[in-house]
Amino acid sequence: MRIDATHKGWAIATIGILAVATIGYLPYSLFYPGGPTGNTWPGLIYGVLGYAMMLFAGLLGARKKRPLWRIGRAKVWMRGHLWLGALSLPMILFHAGFAARGPLTFVMTILLVVVVLSGIVGAMLQHYLPARIMAEVPLETIYEQLPVVREQLREEAGAIVGRLCARPEFAAATASTYETGRVGVLEAGDEETVDLTEQERANLWHVFTTGIVPFLREPESKESPLANAIKARLYFEALRRQCPASVHEALNDLESICDEERQLTRQRRMYLILHSWLLVHVPLAVTLLVLGAIHAVVAIRY
Amino acid sequence: MKTIELTIDDRQVAVEEGTSVFDAARMNGISIPVLCHAQNERPIGVCRVCTVDCGDKVLQASCVRPAENGMKVYTASDKVKKHRRMILELLMSDHPSPCARQRVSGDCELETQAAAEGIVTPRFSKHVSRRGQDDSSLVISVDHEACILCDRCIRGCDEIRHNDVLGRRGKGYNAGIAFDLNRPMGTSSCVSCGECMVSCPTGALTNKSVIRTVLPGGDPVGVDELKQLPFFQKVSGTFLDLNKNAVIKRRFRAGDIICREGDYGSTAFYILEGKVEVYLQSMMKQKPGHAEGPGVIDRLARVFSPRRKPASATNNGTIPMDSVIDLTREKPVAELGEGDIFGEMTCMSLYPRSATVRAKTDCVMLEMLRNVLDVIQRNKTLRAELEKNYRKRALEDHLRTVPIFSGLSAEFIDHLAQRVELVRYTNGEVLCRQGEPATHFFLVRIGFVKMVEEHPGGDLVLAYQGKGGFFGEIGLLTRGTYAFTVTALDNVEVVRIAAEEFREMLDRFPDISHKLRTQAREREEHNKRHSAAVAAVSLDSFLKQGLMESNSLLVIDLEKCTRCDNCVKACSEAHDGVTRLVREGLRFDKFLIPTSCRHCRDPLCMIGCPVGSIRRRNSLETVIEDWCVGCGLCARNCPYGNITMQPVPDSGAQKASVTKRKATACDLCADLPEPSCVYACPHDAAHRVEPNTFFRSLISAAADDNIFVTPEDVEGRRH
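Calculation rules
- Positions within a chain are numbered from 1, following the residues in the order the chain's sequence is written.
- Here every chain gets a letter starting at A, and every ligand a number starting at 1, in the order they are written.
- Residue-level local features of this predicted model are given only where pLDDT is at least 70; pairs of side-chain atoms are given and counted only at 80 or more, and the full residue set underlies all totals for whole chains, interfaces and linings.
- Under the DSSP-based scheme used, a helix requires at least four consecutive residues in state H or I and a strand at least two consecutive residues in state E, with every element numbered from the N terminus.
- We call a residue exposed when 12 or fewer other C-beta atoms sit within 10 Å of its C-beta, buried when the count reaches 20 or more, and partly exposed for counts in between; the C-beta positions come from the backbone.
- By the criterion used throughout, residues are in contact when their C-beta atoms, derived from the backbone, lie within 7 Å.
- For helices, the fitted line uses only the C-alpha atoms of the stretch in contact; every axis is such a line through C-alpha atoms, and the angle between N-to-C directions lies from 0 to 180 degrees.
- In these notes the angle categories are as follows: under 35 degrees is roughly parallel, over 145 is roughly antiparallel, 65 to 115 is roughly perpendicular, and the rest is oblique.
- What makes a crossing left-handed is the near helix being turned counterclockwise from the far one by less than a right angle; a clockwise turn instead makes it right-handed.
- Here the nonpolar group is Ala, Val, Leu, Ile, Met, Phe, Trp, Tyr, Cys and Pro; Asp, Glu, Lys and Arg are the charged ones; every other residue, Gly included, is treated as polar.
- Pairs of strands are assigned from DSSP output, requiring at least two bridges between the strands.
- Among buried residues, those of type Ala, Val, Leu, Ile, Met, Phe, Trp, Tyr and Cys that are joined through C-beta atoms within 7 Å form a set called a nonpolar core.
- Take the residue count of a helix, subtract one, and multiply by 1.5 Å to get its expected span.
- The predictor attaches a confidence to each residue, called pLDDT, with possible values from 0 through 100.

A. Highlighting the overall build of chain B. Helix and strand counts for chain B come out as 23 helices and 37 strands. For chain B, buried positions account for 47% of its 719 residues. In chain B, the proportion of contacts linking residues at least 24 apart, taken out of those at least 6 apart, comes to 73%.

B. Focus on the overall build of chain A. For chain A, the helix and strand inventory stands at 11 helices and zero strands. Put simply, chain A has 302 residues, and 28% of those count as buried. Partitioning the contacts of chain A with sequence separation of at least 6, the portion at a separation of at least 24 is 75%.

C. Focus on the packing of helix α2 (residues 41–65) of chain A against helix α3 (residues 74–96) of chain A. Residue and element names in this part refer to chain A. Running from N to C, α2 and α3 cross one another at 150°; their axes reach a closest spacing of 8 Å. Looking at the two axes, α2 sits roughly antiparallel to α3. Considering only the axes of α2 and α3, their crossing is left-handed. The residue makeup of the contact of α2 with α3, split by class, is 15 nonpolar, eight polar and two charged.

D. Structural context of the pairing of strand β7 (residues 140–143) of chain B. Residues and elements named next belong to chain B. For strand β6 (residues 133–134) and β7, the ladder comprises two bridges, and the chain directions are antiparallel. For Gln-133, the partnering residue across the bridge sits in β7 and is Asp-143. Counting the residues in the hairpin turn of β6 and β7 gives five residues. Pairing geometry for β7 and strand β10 (residues 205–207), over three bridges, is antiparallel. Bridged to Val-142 within β10 is Leu-205.

E. Structural detail: the nonpolar core. Counting residues in each nonpolar core, the largest one holds 199 residues, and the members touching the most others are B:Val34, B:Phe269, B:Met368, B:Val449 and B:Cys677. Of the residues forming this core, the biggest block, 12 residues, is contributed by α3(A). Aside from chain neighbours lying at most four places away, what touches B:Met368 is B:Ala246, B:Val247, B:Thr267, B:Ala268, B:Tyr270 and B:Leu373. Grouped together as the second largest cluster of nonpolar side chains are 22 residues, A:Ile160, A:Leu226, A:Leu254 and A:Ile257 included.

F. Looking closely at the interface of chain A and chain B. Counting from both sides, the interface comprises 21 residues of chain A and, opposite them, 22 residues of chain B. Within the residue set of the side of chain A that touches chain B, elements represented by two or more residues are α3, α4 (103–136) and α10 (248–276) of chain A. Taken together, the residues of the side of chain A that touches chain B break down into 13 nonpolar, three polar and five charged.

G. Broad picture of the environment of A:Gln242. Relative to the helices and strands, A:Gln242 is located in helix α9 (residues 229–242). Between the alpha carbons of A:Gln242 and A:Asn203 there is a distance of 9.2 Å; along the sequence they are 39 residues apart.

H. Highlighting helix α5 (residues 146–164) of chain A. Residues and elements named next belong to chain A. Taking 1.5 Å per residue as the helical rise, α5 with its 19 residues ought to reach 27 Å, and the 27 Å between its terminal C-alpha atoms agrees with that figure. Among all positions of α5, only Gln-152, Leu-153, Glu-155, Glu-156, Ala-157, Gly-158, Ala-159, Ile-160, Val-161, Gly-162, Arg-163 and Leu-164 are buried. Of the residues flanking the end of α5, it is Ala-166, one or two places downstream, whose phi is positive at about 55°.

I. Structural context of unusual backbone geometry. All names here are of chain B. Here the amide bond leading from Ser-97 into Pro-98 is cis, since omega sits at -5°, within 30 degrees of zero. Mapped onto the elements of the fold, Pro-98 is located in the loop between α2 (78–93) and α3 (100–104). Notably, Asn-182 is not glycine yet its phi reads approximately 60°, a positive angle. Summarising the element assignment, Asn-182 is placed in the loop between β9 (176–179) and α6 (195–199).

J. Molecular detail of the sheet that holds β7(B). Read from one edge to the other, the open sheet built from three strands follows the order β6-β7-β10 (chain B), with strand pairing classed as antiparallel. The sheet terminates laterally at β6 and β10 of chain B, the two strands that pair on one side only.

K. Molecular detail of the packing of α3(A) against α4(A). All names here are of chain A. Running from N to C, α3 and α4 point in directions that differ by 155°, and their axes come no closer than 10 Å. With respect to α4, the axis of α3 lies roughly antiparallel. Once α3 is placed against α4, the crossing between them reads as left-handed. Across from Leu-82, Gly-85, Ala-86, Leu-89, Ile-92 and Ala-96 in α3, the residues of α4 making contact are Thr-105, Thr-109, Leu-112, Val-116, Gly-119 and Ala-123. Considering only residue class, the contact of α3 with α4 consists of eight nonpolar, four polar and no charged.

L. A look at the confidence of the model for chain A. Residues and elements named next belong to chain A. Looking at chain A as a whole, the pLDDT averages 87, with 91% of positions reaching at least 70. Within chain A, helix α7 (residues 175–179) has the poorest average pLDDT of any element, 42, and α3 the best, 94. Within the model, the stretch residues 173–192 combines pLDDT values under 50 with 31 contacts to residues more than four positions away or in other chains.

M. Region of the structure containing the sheet that holds strand β18 (residues 334–336) of chain B. All names here are of chain B. The strand order β13-β20-β15-β18 describes an open sheet built from four strands, whose pairing is antiparallel. Pairing within the sheet leaves two strands with one partner each, and these edge strands are β13 (257–259) and β18. Recorded for the sheet is a direction-independent mean angle of 35° between the axes of neighbouring strands. In the sheet, strand β15 (residues 276–279) pairs with strand β20 (residues 356–359) via four bridges, with the strands oriented antiparallel. What sits directly across from Val-276, in β20, is Ala-359.

N. Expanded view of the pairing of β15(B). The sheet contact formed by β15(B) and β18(B) spans three bridges and is antiparallel. The partner of B:Val278 across the bridge, within β18(B), is B:Ala334.

O. Inspection of the confidence of the model for chain B at higher detail. Residue and element names in this part refer to chain B. Averaged over every residue, the pLDDT of chain B is 78; residues scoring 70 or more account for 79%. A low-confidence stretch, residues 282–295 stays under pLDDT 50, and its non-local contacts, those more than four residues away or across chains, total 16 contacts. Low pLDDT, under 50, characterises residues 651–659; the predicted model gives this stretch 17 contacts beyond four residues in sequence or across chains.

P. How the structure looks around the environment of B:Gly18. All names here are of chain B. Secondary-structure assignment places Gly-18 in the loop between β2 (11–16) and α1 (21–27). Residue classification places Gly-18 among the exposed positions, given that 11 C-beta atoms sit within 10 Å. The spacing of Gly-18 and Arg-65 is 47 residues in sequence and 9.4 Å in space, taken between C-alpha atoms.

Here it is in structure tokens:
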């Protein structure tokens, strides 16, 4: 979620609560007999508040599972998740008096710090990355559709070169390829307008099979010059110089296919970065909530 | 077009060159019986029932015979009658009488015409060819034996609906209609749109009564009862039977509101009994001298924005509305009575209702869906009548409400209304072209137009105009040629004033002349500035994507969206697991315009729905009712690909739709307080917006003076 001016209210409330909690904590830590611990009344209040905030933050996942429930807009829940989740850390630290007095509490403290830090990292990623994806991947597609789009790009490239090189088995592109509407070179009958000698056809085919196809098959590999935008531009410029002008339009299309392929690779990487932190954040947060519940029961009962 | 004169049954008539004899007779109130020719289809002259004597060596089929200058036509001479009777007798000898249609709705055209000729028993022996029946379709029953090979169904399927399913098979007595390559109808590619049934003059294609059109409330009306009314006499009984409940009878008590100004409706009303009052709900605000003036902000806005004028400056003694009778300020209520129709303008233009209608006395009326009105209008005579009413009202209303004409006298407006034209254009049609001689002044009544300056390097979009806008004055006042090319962006209706009338107006009303000259000068200066700045890139993109057309546009802020797809999941959950939103589409600025219904101001998707299932209720959202037959026409018509055809589970005969697919589109989660996609977005990225307002700052380059007219501006002017 982008942290912008619309978060002002939440930010002020969070800082206010933190200030009140800190002001309460100072005399408590200085003057309370035995010092600040979790089993004193003020410590318990901090603990309950901190755990309640953690619980609210954790409920966001459940809220997302029930999108139709009219229990507050998801964006409100998300803002609460961010700010209250962050606030839970100082509250729990106040609860514990900044000390871990047993293995369970030590583990929980570490977990809490990691969860909050991973959350902050996640928030930062969600703040900056969407804008970068928008700017750097204008041909962005739905993540789950990436393999399909890549398959289409391969077919389309095959169709273009197949027509240029008079290889009908490649020229027959699927209907979905035509739907991309990329080029007129895919139109039937265009092969007659292509003015290539046998040698040029062979050269082009060689370039296609040894340069373009490997890149389109493994676009994530950095070995291909086509994986780099500058090198790719030089690669196609050289190719255009070697081919007659009548096929330049087709080569431009091939270049744009490679460019799209690079964009999709970038999209995939950014998408993974944008969401991979959740692999740390979510399981640890769930573990923390479970351990927190166990801790509460054990502490109160025994 | 050249006019020719001919004589039909000793009556001198004048028609345009190229008109058929059949149409020439029809336009002059002379009825010629016919079977193979439906007025909305291309004539082919196969049944020969419309045979007339044109003075040629042989009798001619009037539907395909062009009228000629000086021609003498006899439609009911003894020779013609004898010939026609013979044809009907021959057809009847091969017809299983009474056929299914005659049994159900009593309007088999062949049997009706035969009865009118007094043919009870043909002189020829009965010989019904054994071509069989086809009961494989769930919706339509096919009786090949009742088919008279008129080909109306084939033309309906191929030329009107473009489904290309129907054709001919066999020869001689075995000739018949065929689905695809002579497959049973149920297994063919037929989409059950019903056009063939509506076109069929006999009982060869009849309705199985499984599609349940449901116009809620009201009492059902029998086909027989409807056929008694002149308004429905020309409508196929099969169609009315198929669309049971598409016409319902409603009763209103005195004082009940029948329809409300501003509502999006898709029904028209025909008054059977009683009287209704037509008025504007906001009429009190429009009365001069009323105490309730605009608020402080409006007053300030008026000071700083000369475009916003109080209503008193825009009206000319009348209050604009759509009604048979104009509303005057002194008595701002019109009255309609028995036999009148209202609400048809909303059906025809797809724009919101422009007036409120209240029952003055206890009333009984028929409410009908748009598809019924469509079929009624296939009869050219009725259509012409409806059109005439519509044009009269539209012209007069519009001329009275255009702010630039506020200084015209009522007498001159009446004079002008007689001379101007109401012209319709479809998307992409050019209204006037840059550099061509300026012959007309245009006032936009409905829809949006794009004004483009053509340059050698490409076109520059100057602006677009909606209702209330005008153009053509630069050409008429200064250059002599049009200054820019104007193209329709949707279904556009303009009032077109010829140069002579325009000049007469300027001569008689110097104030208006001054205003228009100032306007033309400002507009030219603006165009120069605009061309120099070429700051219209975003506006161009805005127009190209048709965003101004939208009533409610789903936008996703790509700077906020984390691609979590919660919007899609929420949509899917709200609609039985089938999402009506695909998070992919064009971009405008930092926003993604996903594939989701835009609820267009001029919804092209509604045009032609054979069962009227895609419609608006009383709000802006376009809904697809449960009785959709899955023909896919709306999906094909939607220019943005926002309607998808989804398979529906086979849930038995009780389900209204019996076809395998159904059109689905965003319904704005009408049963929930807010669209689920927006409600479920945790990142505040998804919003439903009114694009002209939401993107105003981005497109303000073109909105900085009068050249950019949005509907809001027009509303501002009117109130």
